[in-house]
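Tertiary structure, described
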Amino acid sequence: MLRWAIKSMIVDRGALIGAAAGVGVALLLVLLLEGVFAGASDTIVAYPQAANADVWVMQKGVANMHMASSLIDGDLVGQTADVPGVESVEPILYVNSFIETEGGALWFAYIVGITLAATNSGPWEMAAGAPVPRAGEAVLPEGLAKKAGVRVGDEVRVLGRELRVSGLSRGTFSMANSIAFVAYADLESMREASGAASYVLVRARPGVDAEALAEAIRTAVPGVNAVTSTVFIENDREVALQMGVNVVRLMSGVGGGVALLIIAFTLFTHAARRSRELAIAKALGATSRSLYGALLVQSLFIASAGFAASVVLALIVEPIIETAVPEVAVTYVPTTAGWLLLVSLVVGIVASVVIAQRVARTDPAAAFSGS
Amino acid sequence: MWRLLLRNLLDDPARTLLSILGLAAAVMLVLVFEGFSEGLYAQLRAYPERVGADLVVLRAGVRNLAAATSALPQSTRAELEATPGVERVHPLGGLPLIYEANGQRTPIYVVAFEDKGGPPVVVEGGPPEPGRRVVIDAGLADKYELGVGDEVELAGERFVVAGITTGAAALFTPYVFVRIEDLIDIAITRAMETGDAPANLGVGFYLVDLAPAAQLEDVGASIERRLPAVDVLAPAEIAANDVQMGRRMMGGVMQLLVVVAYVIALLVVVIVLSSSVLARARELGTLKAVGASTPRLIVSLGLEASLLMSVAFVVGAAAAAAVAAGIEAASPMYLVTPWVPGALLRTAAGALLISWVGAAMPAHRIGQLDPAEVFAR
């Protein structure tokens, strides 16, 4: 029967390829939907993750960045720097606002004001231009600039002020929180927040524990909150996930469920197509065990081939999507792929067993009459 | 042809039912994804369209109410009231905050109003009166199990929930309404504590009612001439800007997911029709033997797919409404509106198209059918 199983797959290559393709595309869709969610979850915290800080200091009552308003007095920045264990401090100003490009198009973004001496709070990878904006300049995300048709040297409007694009940064464009960098002094005057800071990025001296330093800052500096970078990133992720990314998760769940139904349908249909041939084989003396084995080999081969095809297709599709929709980052999760392979194999086994059971109960006479 | 088609479908009711269910699942998926986009845009446009003013004054460069940061100096109100054609001016404040309670954090948008721009529909309790009263969105109330009379902490100040409103959320952010007197009170108290003069009192926008004979464009231009630091927009323009911003933020990913849903739908159609062609190879071969051409059989398959899809569309639309209701019940901050004429029409057209594309896929198989071989079986 094993020979029959292999031979019938070779003879009916079209059906085999069709079934494997069906399973492959459905698996690809699940991988893709999960990849979009994972990519969005990563990009929403790209800035705090890339910023080189051990501890984040902000207004008391604030514990994250996304959709938060934080403003602390300039004196408190100096007091933070004086806390024992602090190596260096770097203030930033921050506001959620819009970048207006030519034709009045508005792009929601984090506007981050950085100082001319910034080393830890600016863009971490540049596509063009200088990373630190001077007065009257802005560094925009490369993806946003592409979509808006903006180039280095063009003018954009931020908080009612014309700024010249001096650089384009990479890894800063996402659906919920693109990041634009402007000069600290500019944002200070735009926000009418002279001498103030939104957040202070603190580097700890070598050997100083970040949690202990955060605690020391909270105790020593009144009116501020201080948390470690890990806590800050997790707080930000929790809030930002609620701002659209959870929708992607919900949609991925619904889409993934339907895609898995397709996989089951394809494997069952393929196994069912073999039932008449198997019924004849059984009438000619094949044992039930060999029937199960033959169907199992075919289903597992289709599931495995479909899985392999989906992985190859996923790698091909990823750069195409990221080029066509730059605000969407696709991050494939190996554990998802592992689970999908397992689920496909289990569905394949179930399909084989169900159909083989049906065949095993078939009356041989009925098999020959074709009913 | 139609009689044959119907006979085919009724001949194997189990397969027909399974096919309809498969297609309905795909239609449901497309409609739910479309409904997410439509719901997001409807939420964004709802608040500006309901503010009930003729004009909205914003800080120069600000074009939105949703997710916007705008601050206007205290002197703006007097200047606006002195502008010819302006009958009344209503201040409005907007402050994005993170609400934190019971170990959970939710981004909220605090709207501070005087007498216009308040909660659209209060479904429980009453409107917020001055004295640290607040009306919160039902989504937030549900998430934190808050009711009328409960206390909430906003920006370090305690407020009492006076009412619950619905339809006041945008960009997955529930709105919370307080009286502007309270916001001014807080700003002044804090200024006294720190010893700084407040730059503004939390007013970011002004809603303007025009005098009966005044012209919108004239008054708007007049305000912008008198106050260069502000922009003046009609509520409908702001609603359009908010929707445009939502499309820029979420449009790309939403479109990608809708495309994925259509690919899934196409896959279902192809699988259903291919298995139908395989199951009916003998019958199709017989039809070829009696003179039916391959294109005619493909058309017949296309009609079969369209018929299946029509029934599946109705089932899928009903399922989408049920799923949407389930999502809204589970996550009240989401609005999923699959039954919007535009989304329904787009999905119907897309479903019809993929029916025919799907019907063309097994064309090669039909072309290969040899009548003689069929009779020999």
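Residues numbered from 1 in each chain as written. Chains lettered and ligands numbered in written order. Predicted model: local features only at pLDDT ≥ 70, side-chain atom pairs only at ≥ 80, totals over all residues. Heavy atoms only, no water.

**Some thoughts on the overall build of chain B**
- Within chain B, the regular secondary structure consists of twelve helices and eleven strands.
- The C-alpha radius of gyration computed for chain B amounts to 29 Å, which surpasses the reference 21 Å derived for 377 residues by more than 25%, pointing to a less compact arrangement than a globule.
- Projected onto the principal axes, the alpha-carbon positions of chain B cover approximately 100 × 50 × 30 Å.
- For chain B, buried positions account for 55% of its 377 residues.
- Pairs at least 24 residues apart make up 81% of the contacts formed inside chain B by residues separated by at least 6 positions.
- Entry remark: accessible area of chain B is about 15500 Å², with carbon and sulfur atoms responsible for 60%.
- Separation between the mean location of the 28 positive side-chain charges and that of the 38 negative ones in chain B comes to 12 Å. (Helix = DSSP H or I, 4+ residues; strand = E, 2+ residues; numbered from the N terminus. Rg over C-alpha atoms; globule rule 2.2 N^0.38 Å. Buried < 20%, exposed > 50% of the residue type's maximum accessible area, 1.4 Å probe, protein only. Contact = heavy atoms within 4.5 Å. Areas by Shrake-Rupley, 256 points an atom, 1.4 Å probe, with all protein chains shown as cover. Lys, Arg positive; Asp, Glu negative; His and termini not counted. Charge placed at Lys NZ, Arg CZ, Asp CG, Glu CD.)

**Some points on the domain arrangement of chain B**
Residues and elements named next belong to chain B.
- Domain assignment breaks chain B into domain 1 (2–44 + 243–376) and domain 2 (55–233).
- Placing the centre of domain 1 and that of domain 2 at their C-alpha centroids yields a distance of 47 Å.
- Across the contact, ten residues belong to domain 1 and 13 residues belong to domain 2.
- It is Gln-43, Met-245 and Met-333 that lose the most area in domain 1 upon contact with domain 2, and together they represent 51% of the buried surface on that side.
- The interface formed by domain 1 and domain 2 includes zero salt bridges.
- Where domain 1 touches domain 2, the interface holds zero residue pairs in polar contact (both at pLDDT 80 or more).
- Among the secondary structure elements, those contributing two or more residues to the side of domain 1 that touches domain 2 are helix H2 (13–50) and helix H7 (235–279).
- Among the residues forming the side of domain 1 that touches domain 2, the class breakdown is nine nonpolar, one polar and no charged. (Domains from an automatic or database assignment. Buried area = accessible area lost by both parts, 1.4 Å probe. Salt bridge = Lys/Arg side-chain N within 4 Å of Asp/Glu carboxyl O. Polar contact = N/O pair within 3.5 Å; in protein donor to acceptor, adjacent residues only side chain to side chain. Nonpolar A, V, L, I, M, F, W, Y, C, P; charged D, E, K, R; others polar.)

**Considering the interface of chain A and chain B**
- If you look at the interface, chain A gives 54 residues, while chain B gives 53 residues.
- Roughly 4700 Å² is buried in total at the junction of chain A and chain B, and carbon and sulfur atoms are behind 71% of that figure.
- Its largest share of buried area at the contact with chain B, chain A owes to Leu106(A), Gln242(A) and Met251(A), together 14% of the area lost on that side.
- Inspection of the chain A/chain B interface yields two salt bridges.
- Across the salt bridge formed by Glu238(A) and Arg105(B), the nearest N and O atoms sit 3.1 Å from each other.
- If you look at where chain A meets chain B, you find four residue pairs in polar contact (both at pLDDT 80 or more).
- Secondary structure elements with two or more residues in the side of chain A that touches chain B: helix H2 (13–43), strand E2 (86–101), strand E3 (105–114) and helix H8 (229–273) of chain A.
- Ranked by the residues each element gives to the side of chain A that touches chain B, the list is headed by H8(A), at 20 residues.
- A per-class count over the side of chain A that touches chain B returns 33 nonpolar, 14 polar and seven charged.

**A closer look at the domain arrangement of chain A**
Residue and element names in this part refer to chain A.
- The assigned domain composition of chain A is domain 1 (2–44 + 241–369) and domain 2 (73–222).
- Computed from C-alpha coordinates alone, the two centres of domain 1 and domain 2 are separated by 47 Å.
- Here domain 1 packs against domain 2, burying approximately 680 Å² in sum over the two surfaces, 65% of which is carbon and sulfur.
- Here domain 1 is connected to domain 2 by one salt bridge.

**Focus: a nonpolar patch on the surface**
All names here are of chain A.
- On the surface, Leu-260, Trp-339, Leu-342, Val-343, Val-346, Val-350 and Val-354 cluster together to form a nonpolar patch covering roughly 580 Å² of accessible area.
- The biggest single contributor to the nonpolar patch is helix H11 (residues 334–360), with six residues.
- Within the fold, Leu-260 resides in helix H8.
- Taking the relative accessible area as the measure of exposure, Leu-260 reaches 31% and is therefore partly exposed. (Patch = residues over 30% accessible without salt bridge, like charges linked within 9 Å, V, L, I, M, F, W, Y side chains within 5 Å.)

**Concerning the nonpolar core**
- Among the nonpolar cores identified, the biggest contains 133 residues, and Phe36(B), Leu44(B), Tyr175(B), Met245(B) and Val253(B) are the most heavily contacted of them.
- Residue contributions to this core peak at 22 residues, all from H7(B).
- Once residues lying within four places of it in the same chain are set aside, the contact partners of Val253(B) are Val36(A), Met175(A), Val248(A), Val325(A) and Val328(A). (Core = buried A, V, L, I, M, F, W, Y, C linked by side-chain atoms within 4.5 Å.)

**Points about the pattern of salt bridges**
- For the structure shown, the criterion picks out 28 salt bridges over all chains.
- Between Asp54(A) and Arg203(A) there is a salt bridge, with the nearest N and O atoms lying 3.3 Å from each other. Of this pair, Asp54(A) sits in the loop between helix H3 (46–50) and strand E1 (55–59) while Arg203(A) sits in strand E9 (residues 199–204), placing them 149 residues apart in sequence.
- Relative accessible area serves as the criterion here: at 22%, Asp54(A) is assigned to the partly exposed category.
- Shared partners join several salt bridges into a network, and the residues in it are Glu100(A), Arg157(A), Glu162(A), Arg63(B) and Asp231(B).

**Digging into the packing of aromatic side chains**
- Taken as a whole and judged by the stated rule, the model has 17 aromatic pairs over all chains.
- Where Tyr199(A) meets Phe232(A), the ring centres are 5.8 Å apart and the plane angle is 75°; that geometry is what we call edge-to-face. Pair noted here: Tyr199(A) is in strand E9 and Phe232(A) is in helix H8, with a separation of 33 residues, a long-range link.
- Given the relative accessible area of 0%, Tyr199(A) is considered buried.
- Judged by its relative accessible area of 0%, Phe232(A) falls in the buried class.
- The interplanar angle of 75° and the centroid separation of 5.5 Å between the aromatic rings of Tyr47(B) and Tyr175(B) together place this pair among those described as edge-to-face. Here Tyr175(B) lies in strand E9 (residues 173–179) and Tyr47(B) lies in helix H2, a separation of 128 residues in the sequence. When sorted by exposure, Tyr47(B) lands in the same class as Tyr175(B), which is buried.
- Here a set of aromatic residues connected by ring pairs shows up, and it is made of Tyr47(A), Trp56(A), Tyr94(A), Tyr110(A), Trp124(A), Phe181(A), Tyr199(A) and Phe232(A).
- Cation over ring: Arg179(B) sits above Phe113(B), and NZ or CZ is 5.5 Å from the ring centre. (Phe/Tyr/Trp six-rings, centres within 6.5 Å; stacked < 30°, edge-to-face > 60°. Lys NZ or Arg CZ within 6 Å of the ring centre and 35° of its normal.)

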